[in-house]
Amino acid sequence: MSRRELDRAMLSVVVPVYDEEEALPELEKRLAGAVEGLGFDRLEFLLVSDGSRDGSEEIIRAMVARDPRYKGVFLSRNFGHQAAIGTGLGMARGSVVAIIDGDLQDPPEAIAALIETLDRGADVAYGVRTRRKESLPARMAYASFYRVLRAVSAIEIPLDSGDFCCMRRPVVDAMLALPEQRRFLRGLRAWVGFRQVGVPYERAARHAGAPKYTLRKLVALAYDGLFSFSSLPIRVMQLAGFVLSALAIGIAIFYIIWSFLAPERFPSGFASLIVSIWFFAGVQLLCLGIVGEYVVRTCDESRGRPQAIIREVVAQSVERGGEGEPGRIESARMDHHA
Ligand code: UDP
Ligand code: MG
């Protein structure tokens, strides 16, 4: 890995906050201290309140009044964790941006290790949970979700990695340039590429309060992850349809042989009924799967993800200004001229 100097002009820390009044004072105590020694010229803490209904926003106002490095961004209602982070990412001005949960499950002290990884040349350093302090069924559910997602997704989404990470500016710009609305950020982060390095860390227990992710929100997140990065369900449908119709043909052959070998014991009317039910169920599934292929393609197009992202252009002279800027999106349309 090449040793590219990390631009230390400014570190932005994006913190999604939804009803975290019990955790915020502790966060204030630990966050600044954890990043002050990392050598950045300026610091910025963006607390994005995702429609908090408790005292969180008042606490954030007080934090901003005490320390100008804090900024509060209050969303008009609860839009969800991913939307809150996305909004914060869009407002962050740092040359390096960190994302950290507001409930102190991601220890602010671990940011130092992420920055160190960027120093060693990574563009994205993401936290990989070594030990979770949740209940066993919850841990098993998370673990299986990540494994299923990895197995089915078209891109490499690292196991057991959440949103906790530090990214260089070009990566942030590339993520922000993606126009899709339903954002599964850790998937998009993996999708944009660059040099990504996982950094193990121990995920703490929630500092205070109850988890703000309800089962419904978690299932919605899992769906976004699955359906935004995989068309496997449709492929399964096609395969099922194919297998079913093939089986129907097999059964038909079986019945034909049976009716020849033992015509006196062969029930009349039964065979054609069963075979046609199986066959047409299969054909219908197969057709649905074919329609699904078009839906998948429409979906891919409507997400508007660019065909590629340029990390760097190496040339003796680069004529057109701005070209080859890291993180620049090379759109499919522009490519037609090339
Ligand atoms: N959060 C949010 N909006 C939501 C749900 C959660 O901004 O709708 C925030 C929450 O305040 C916390 C972080 O996202 O800082 C992670 O949420 P939580 O701790 O409930 O998730 P978990 O750690 O269980 O994955
Ligand atoms: Mg949490």
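Below, the structure is looked at part by part. (Residues numbered from 1 in each chain as written. Chains lettered and ligands numbered in written order. Predicted model: local features only at pLDDT ≥ 70, side-chain atom pairs only at ≥ 80, totals over all residues. Heavy atoms only, no water.)

## Focus on the packing of aromatic side chains
Each aromatic ring pair is summarised here by two numbers: the centre-to-centre distance and the angle between the ring planes. Selection criterion: To pair, rings of Phe, Tyr and Trp, with the six-membered ring standing in for Trp, must have centres within 6.5 Å; the planes then decide the type, stacked if under 30 degrees apart, edge-to-face if over 60, and tilted in the middle. Helix and strand definitions follow DSSP, with helices as H or I runs of at least four residues and strands as E runs of at least two, each counted in order from the N terminus. A 1.4 Å probe rolled over the protein chains alone gives each residue an accessible area, and that area as a share of the maximum for its type sets the label: buried under 20%, exposed over 50%, partly exposed in between. The rule is short: NZ of Lys or CZ of Arg within 6 Å of the ring centre and within 35 degrees of the ring normal puts a charge over the ring.
The final tally for this structure, using the stated rule, is 9 aromatic pairs. Geometrically, the ring pair formed by Phe45 and Tyr70 is tilted, given 4.9 Å between the ring centres and 40 degrees between the ring planes. Note that Phe45 is positioned in strand S2 (residues 42-49) and Tyr70 in strand S3 (residues 70-74), a separation of 25 residues in sequence. Of the two residues, Phe45 and Tyr70, neither departs from the other in class, the shared state being buried. With 5.7 Å between their ring centres and 50 degrees between their planes, Phe254 and Tyr255 make a pair best called tilted. Ring pairs connect the aromatic residues Phe254, Tyr255 and Trp258, which therefore count as one cluster. The ring of Phe40 carries Arg8 above its face, with NZ or CZ at 5.3 Å from the centroid. Over the face of the ring belonging to Phe79 we find Arg77, whose NZ or CZ atom lies 3.9 Å from the ring centre.

## With respect to the sheet that holds strand S7 (residues 196-202)
By way of backbone hydrogen bonds, the strands of a sheet pair with one another, either parallel or antiparallel. Threshold: Any two strands with at least two DSSP bridges between them are considered paired. Only C-alpha atoms enter the line fits that serve as axes; for helices the fit covers just the stretch in contact. Angles between N-to-C directions range over 0 to 180 degrees. Residues count as neighbours in contact if any of their non-hydrogen atoms are within 4.5 Å of one another.
Ordered in space as S3-S2-S1-S4-S6-S5-S7, the 7 strands form an open sheet in which the pairing is mixed. Single-partner strands in this sheet number two, and they are S3 and S7. This sheet shows a mean twist of 25 degrees between the axes of neighbouring strands, independent of strand direction. Sheet topology note: the strand S5 (residues 124-131)/S7 ladder contains 7 bridges and is parallel. Looking across to S7, one finds that Arg131 is bridged to Glu202. Strands strand S1 (10-17), strand S4 (96-99), S5, strand S6 (161-168) and S7 of the sheet are contacted by helix H4 (residues 111-119), whose axis makes an angle of about 50 degrees with S6. Sitting on the sheet, helix H7 (residues 185-192) touches S5, S6 and S7, and the angle it makes with S6 is about 45 degrees.

## A look at helix H8 (residues 215-229)
Counted only if it meets this: Here the expected span of a helix is defined as 1.5 Å times the quantity of residues minus one. It is the directions from the helix axis to the C-beta atoms that the arc portrays.
Relative to the 21 Å expected for 15 residues at 1.5 Å per residue, H8 spans 21 Å between its end C-alpha atoms, a close match to the ideal helical length. For H8, the complete set of buried residues consists of Leu221, Ala222, Asp224, Gly225, Ser228 and Phe229. Angular distribution of buried residues about the axis of H8 spans 155 degrees; they occupy a single face of the element. Opposite the buried face of H8, at more than 90 degrees from it, the exposed residues are Leu215 and Arg216. Buried residues along H8 sit against helix H3 (81-91), helix H5 (136-152), H7 and helix H10 (270-303).

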